[in-house]
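If you want the building blocks of each chain, they are given just below.
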Amino acid sequence: MNSSAPVVGIIIGSQSDWDVMRHCQETLEKLGVGCETRIISAHRTPRRLDEYASNAKTRGLKVIIAGAGMAAALPGSAAALTPLPVLGVPMEGKMMGGLDAMLAMIQMPGGVPVGTLGLGNAGAKNAALLAAAIIALSDETVAQALDAFREEQTNAVPETPPGD
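Rules and cut-offs
- Residues numbered from 1 in each chain as written.
- Predicted model: local features only at pLDDT ≥ 70, side-chain atom pairs only at ≥ 80, totals over all residues.
- Heavy atoms only, no water.
- Pairing = 2+ DSSP bridges.
- Helix = DSSP H or I, 4+ residues; strand = E, 2+ residues; numbered from the N terminus.
- Contact = heavy atoms within 4.5 Å.
- Axes fitted to C-alpha atoms, helices over the stretch in contact; angles between N-to-C directions.
- Buried < 20%, exposed > 50% of the residue type's maximum accessible area, 1.4 Å probe, protein only.
- Parallel < 35°, antiparallel > 145°, perpendicular 65-115°, else oblique.
- Left-handed = near helix turned anticlockwise from the far one by under 90°.
- Salt bridge = Lys/Arg side-chain N within 4 Å of Asp/Glu carboxyl O.

S.K.: What exactly am I supposed to notice about the sheet that holds strand β5 (residues 115-116) here?
M.R.: Backbone-to-backbone hydrogen bonds join strands into a sheet, with any given pair of strands oriented parallel or antiparallel. The parallel open sheet is built from 5 strands, whose spatial order is β2-β1-β3-β4-β5. With one partner strand each, in any of the chains shown, β2 (35-39) and β5 form the two edges of the open sheet. Both strand β1 (residues 8-12) and strand β3 (residues 63-68) contribute to a ladder of 5 bridges, which runs parallel. Within β3, the residue paired with G9 across the bridge is I64. The sheet strands contacting helix α4 (residues 99-106) are β3, β4 (86-90) and β5, and the helix crosses β4 at an angle near 160 degrees.

S.K.: In this structure, what is going on with the pairing of β3? I would like to understand it.
M.R.: Put simply, side chains in a regular strand alternate between the two faces of the sheet. By the criterion of burial, β3 is predominantly enclosed, with 6 of the 6 residues buried. Across the two faces of β3 the burial is the same, with V63, I65 and G67 and I64, A66 and A68 all buried. With 5 bridges joining them, β3 and β4 adopt parallel strand pairing. Across the sheet, the residue bridging to I65 is L87, located in β4.

S.K.: Looking at this model, I keep getting lost on the packing of helix α1 (residues 18-30) against helix α5 (residues 120-136). Mind explaining?
M.R.: Helix-helix packing is described using two parameters, namely the angle between the two axes and the distance between the axes. Where α1 meets α5, the axes come as close as 8 Å, and the angle between the chain directions of the two elements is 30 degrees. The angle between α1 and α5 places the two elements in the roughly parallel class. Relative to α5, α1 is oriented so that their crossing is right-handed. Contact with α1, carried on its side by D19, V20, M21, H23, C24, T27 and L28, involves G120, N121, A124, K125, A128 and L129 of α5 and no other residues of that element.

S.K.: Is there a simple way to explain unusual backbone geometry in this structure?
M.R.: For residues that are not glycine, phi is negative in most cases, and the peptide bond is trans in most cases. One non-glycine residue, M70, lies in positive phi territory at about 55 degrees. Tracing the chain through its elements places M70 in the loop between β3 and α3 (73-81). Look at A72: it is not a glycine, yet its phi comes out positive at around 55 degrees. Tracing the chain through its elements places A72 in the loop between β3 and α3.

S.K.: I keep staring at the pattern of salt bridges and nothing clicks. Help me out?
M.R.: Two side chains bearing opposite charge may form a pair once their charged atoms approach each other closely. Applying the stated criterion to the full structure yields 3 salt bridges. The residue R38 makes a salt bridge to E36 at a minimum N-O spacing of 3.8 Å. For R38, a relative accessible area of 38% corresponds to the partly exposed category. The class for E36 is buried, based on a relative accessible area of 5%. For the salt bridge of R59 with E36, the shortest nitrogen-to-oxygen distance reads 2.6 Å. With R59 in the loop between α2 (46-55) and β3 and E36 in strand β2, this pair connects stretches of sequence that are 23 residues apart. When salt bridges that share partners are traced, they join E36, R38 and R59 into one network.

Structure (structure tokens):
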């Protein structure tokens, strides 16, 4: 865990979501963005969700990233309880390959927005990068780390294939 105070909260619906959402935490840590991770089920631990999301802003969080599958209620429920931006990462599932979770996050009622990212590891990493971009609007250190990440990513792409 990053030693700086958490400004991004990562919440997952169950322990099984961690294999994907750890990429979110790892990306935030590489960028020097303080984060915390909690297991919170919208259906099985609703009081925990209410406590976490309702108090997130007063505890210093700036963004919440929620990973969930199946009914994927976690991001929308969190968004209904906090004024903070909520980013949703749908988990790949066995029934519809994660399409059910993605649609649940995308089709939120007007007034309860969830910024929905893609499925799986790429979605988790992109959620972290989007959260960092939001934080970077008011934090020059994070802005510089994000710029350096993007430059490194660009530099890692060769101009020609091997042997050309």
